[in-house]
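One letter stands for each residue in the lines below.
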Amino acid sequence: MPKGVGRWLNDVEEEGEEGEPVETKPSEDDEEMDPIFPVMGPGYGIKNKFLKRKKFKEAKVAKMQAKIEKARERFREKKAWRKAGNTGPPPTVKKEPTKLPHTIESLREPDLTYVEKDDDELAFEEATDKYAKYYEKAYEPKVLITSSYKLTGRTMAFISELRLIIPNSEFFFRRGTTVKKMVLKAVDRGFTDILVINEDRRWPNGFLLIHLPDGPAAYFRLTNPRICKDIRRTRSEITSHRPEVILNNFKTRLGQMIARMLGALFHYEPEFKGRRVCTFHNQRDFIFFRHHRYEFESSKRVNLRELGPRFTLRLQWLQDGAFDGDYEWVLKRHEMESSRRRFHL
Amino acid sequence: ITWGIVNKVFCSFKFQTKGQKFCRNEFNLTGLCTRSSCPLANTQYATVREENGVLYLYMRTAERAFFPAKAWEKVRLSNNFVKALQQIDENLVFWKKYFRQKCRQRLLKITQYLNRMRKLELRQKTKLVTIRRKIDRRYLRRENKAFIAARIDNAIEKQLLQRLKDGTYERIYNFPQEAFDVRMEEEDEEEESEVEEEESEKEEEVETDEDVERELEREYLKERNQEEANSYDDSEEEREFVADFEESEDEDMDIEDAAQRLQDGTESSDVHEDSDDESDMEDGLSSSSTKKIRTHKRAKISPKVTKKRAKAHVEVEYETPEVETAKVKVFS
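Residues numbered from 1 in each chain as written. Chains lettered and ligands numbered in written order. Predicted model: local features only at pLDDT ≥ 70, side-chain atom pairs only at ≥ 80, totals over all residues. Heavy atoms only, no water.

1. What to know about the nonpolar core
By size, the foremost hydrophobic cluster in this structure holds 61 residues, and its most contacted members are A:Phe207, A:Phe220 and A:Ile258. Counting 18 residues, the second largest nonpolar core, distinct from the first, contains B:Leu57, B:Met59, B:Val75 and B:Cys103. (Core = buried A, V, L, I, M, F, W, Y, C linked by side-chain atoms within 4.5 Å. Buried < 20%, exposed > 50% of the residue type's maximum accessible area, 1.4 Å probe, protein only.)

This is the structure:
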């Protein structure tokens, strides 16, 4: 290679010569299970195709040789072991625990609003916010379920199943009333939450949750709704015991708020006899809802049987008042979803 | 003359469909292209028109025919329907009956549709939003991947077990943890000893009855101890017949077994085992052949000993740090 060309390549080669693969992030510290970054190949950074390929080949050969050498070592060990008069396999050196590869969750952009376990400020806020009363068990939730104006069969079925799941819920047909009117009337009749299932093209597609006396309102997009029939179950399996609620994986403050909202739909004291559990599991800003009956086979194993409907929610906005007032959080796609590693719940 | 031309030759306001002729002129009273309702052909003409919700009566007379800018006389009609009718009658007193009638009809129609519009305004309006195909598809894909990453059932099971551990189901379930662990250890030892014995067996071919008896006795006693440890109080548990658990690993087990397990804990199965053991023992003692029965006993007893576990072998559960074998993401 002419010298001039090689000059700027030298820098890159130097890095490579150290023998370590070129990594974009600094290597792990002390944690055993710290995930590793996928390693960049041996010729990374070299622009010259010829040199790059050469490097790659060398690395490949070296790898092969290392493998062979390792196998030879093992054979030698085994032989020695056998010679020493032992039977059975030779003792293996304890492997380093395999490091976890990166996942989207591990690469998630760190959020300032992550909730820590013992956060006094959070505890204080939660004790004084609009859901404090529920968590003090001051009242039993009473849920009003409606839909959008024209209902079709599928949405109707979905709603009737929601009614079965959520204890103490009532369904009313929406006859063109506005939400604000509904809120007023519902407050008068003593409801604590309104749940509006919006329909589009004969499928339920929206989930509007309003906590009543002037509580926060949240609108979710509802996707993949499945009624009992779709999961090949019968509704008769759903008993009227009050279910337990599991709220998984809500990490940020916003997530915490949403989790409280969703949890407050159900009665604060579940009937464990019924062994029903409703789960809201958040993964990458999708909230998956599942409804199971569980059975403890032993203290180490649990069996689950899925009953009832299934759907996923995606938060669109969260408003301070009951369909009124400032928006606490709005999904602005272009701003907030520009990175695939950024999640808000 | 005008009508002759307009009708036969060309009229820019004329709009013809298969069955009917329409007139697109703004001032047309009926909207149809007919001799008496053509505003071009009739110099004396009247219409009722609505602008921004206000009704006006337009009149044109022959006297003003040559002042096109001032041709139409505009009278504002009252909001009150009855009064408006009267106004029309007053203004079109000496006109042809046709005009009065048509104007009244038009007034009625307009007021009706205005009312309807007002009512609709009060109603809920559905907001029509565009279908963002690309975006919706993207979200769907992301949702599917998130679902795979979520492993919801695992998470739920973990949570439930955690809750069990924390004692939220205190009075309901009673898994005596310590005794269980002790038993597990003993089973473990037993298995090891069994393994060793098996190996030694294979080498020896001839055995005595005494050996058989002793070993059978030993195992019987061990099982007995195990049962006592594992039995637990079911008095508070609700008895339910539960159908197949699809997610359970007990595919070998019958539904009846599952129900039994629920109902009587391990007692019933123990009883079952006891009776079987006794019968087996009797058989063993009575017959003379050694190795055959030995292996037979082996085959029969070892799975029974471990019948409490789902599979046909002893599962010793060690606490290991969770090594998640998560799906490897190709880093682009």
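There's more to say after this.
2. Observations regarding the pattern of salt bridges
This structure, assessed with the given rule, holds 20 salt bridges over all chains. Salt bridges here are not isolated pairs; linked through shared partners, they connect A:Glu69, A:Arg72, A:Glu73 and A:Arg76. (Salt bridge = Lys/Arg side-chain N within 4 Å of Asp/Glu carboxyl O.)

3. Some points on the environment of A:Arg342
All names here are of chain A. Looking at the secondary structure, you find arginine 342 in the segment after helix H8 (333–336). Of the residues examined, arginine 342 reaches a relative accessible area of 28% and is grouped as partly exposed. Placed 238 residues apart in sequence, arginine 342 and isoleucine 104 show a C-alpha to C-alpha distance of 9.4 Å. Sequence-distant contacts of arginine 342, that is, excluding residues within four places in its chain, are made with Glu109, Glu335 and Met336. Separated by 3.4 Å, the side chain of arginine 342 and the backbone oxygen of methionine 336 make a polar contact. (Helix = DSSP H or I, 4+ residues; strand = E, 2+ residues; numbered from the N terminus. Contact = heavy atoms within 4.5 Å. Polar contact = N/O pair within 3.5 Å; in protein donor to acceptor, adjacent residues only side chain to side chain.)

4. Brief notes about the packing of helix H3 (residues 120–128) of chain A against helix H7 (residues 253–263) of chain A
Residues and elements named next belong to chain A. In contact at an axis separation of 13 Å, H3 and H7 are set at 35° when each is read in the N-to-C sense. When the axes of H3 and H7 are compared, the crossing they make is right-handed. Where H3 approaches H7, its residues Glu121, Leu122, Glu125 and Glu126 are matched on the opposing element by Arg253, Gln256 and Arg260. Here the residues of the contact of H3 with H7 are counted per class, giving one nonpolar, one polar and five charged. (Axes fitted to C-alpha atoms, helices over the stretch in contact; angles between N-to-C directions. Left-handed = near helix turned anticlockwise from the far one by under 90°. Nonpolar A, V, L, I, M, F, W, Y, C, P; charged D, E, K, R; others polar.)

5. Quick word on a nonpolar patch on the surface
Taken together, B:Ile1, B:Ile5, B:Val9 and B:Phe10 make up a surface patch of nonpolar side chains, about 520 Å² in accessible area. As for its position among the elements, B:Phe10 is in the loop between helix H1 (2–9) and strand S1 (14–16). (Patch = residues over 30% accessible without salt bridge, like charges linked within 9 Å, V, L, I, M, F, W, Y side chains within 5 Å. Areas by Shrake-Rupley, 256 points an atom, 1.4 Å probe, with all protein chains shown as cover.)

6. Topic: the environment of A:Glu105
Considering the arrangement of structural elements, one finds A:Glu105 in the loop between helix H2 (49–83) and H3. Its relative accessible area of 30% is what places A:Glu105 among the partly exposed residues. With 178 residues separating them in the primary sequence, A:Glu105 and A:Gln283 have C-alpha atoms 8.6 Å apart. Among all residues touching A:Glu105, those that are not within four sequence positions of it are A:Gln283, A:Arg284 and B:Ala149. Of the polar contacts made by the side chain of A:Glu105, one reaches the side chain of A:Arg284; its length is 2.6 Å.

7. Comments concerning a negative patch on the surface
A cluster of acidic residues, A:Asp214, A:Asp320, A:Asp326 and A:Glu328, forms a negative patch at the surface. Note that A:Asp326 resides in the loop between strand S9 (302–319) and strand S10 (327–330). (Lys, Arg positive; Asp, Glu negative; His and termini not counted. Charge placed at Lys NZ, Arg CZ, Asp CG, Glu CD.)

8. Points about helix H4 (residues 133–150) of chain B
The end-to-end C-alpha separation of H4(B) is 25 Å, in line with the 26 Å expected for 18 residues at 1.5 Å each. Listing the buried residues of H4(B) in full gives B:Ile135, B:Tyr139, B:Glu143, B:Ala146 and B:Ala150. Axial view of H4(B): buried residues confined to an arc of 80°, hence all on one face. Those residues of H4(B) that are exposed and angled more than 90 degrees off the buried face are B:Arg133, B:Lys134, B:Arg137 and B:Ile148. Structurally, H4(B) contributes buried residues whose contacts are with strand S5 (217–226), strand S7 (276–283), strand S8 (286–296), S9 and H8 of chain A together with helix H5 (152–166) of chain B. (Expected span 1.5 Å × (residues − 1). Arc of directions from axis to C-beta.)

9. With respect to the pairing of S5(A)
Residues and elements named next belong to chain A. Of all 10 residues making up S5, seven are buried, and the element is well covered by its neighbours. With antiparallel pairing between neighbouring strands as the criterion, strand S4 (residues 203–211) and S5 make up a hairpin whose turn holds five residues, including aspartate 214 at a positive phi of roughly 50°. Sheet topology places S5 next to S9; eight bridges connect them, and they run antiparallel. Bridge pairing in S9 places arginine 226 opposite arginine 310. (Pairing = 2+ DSSP bridges.)

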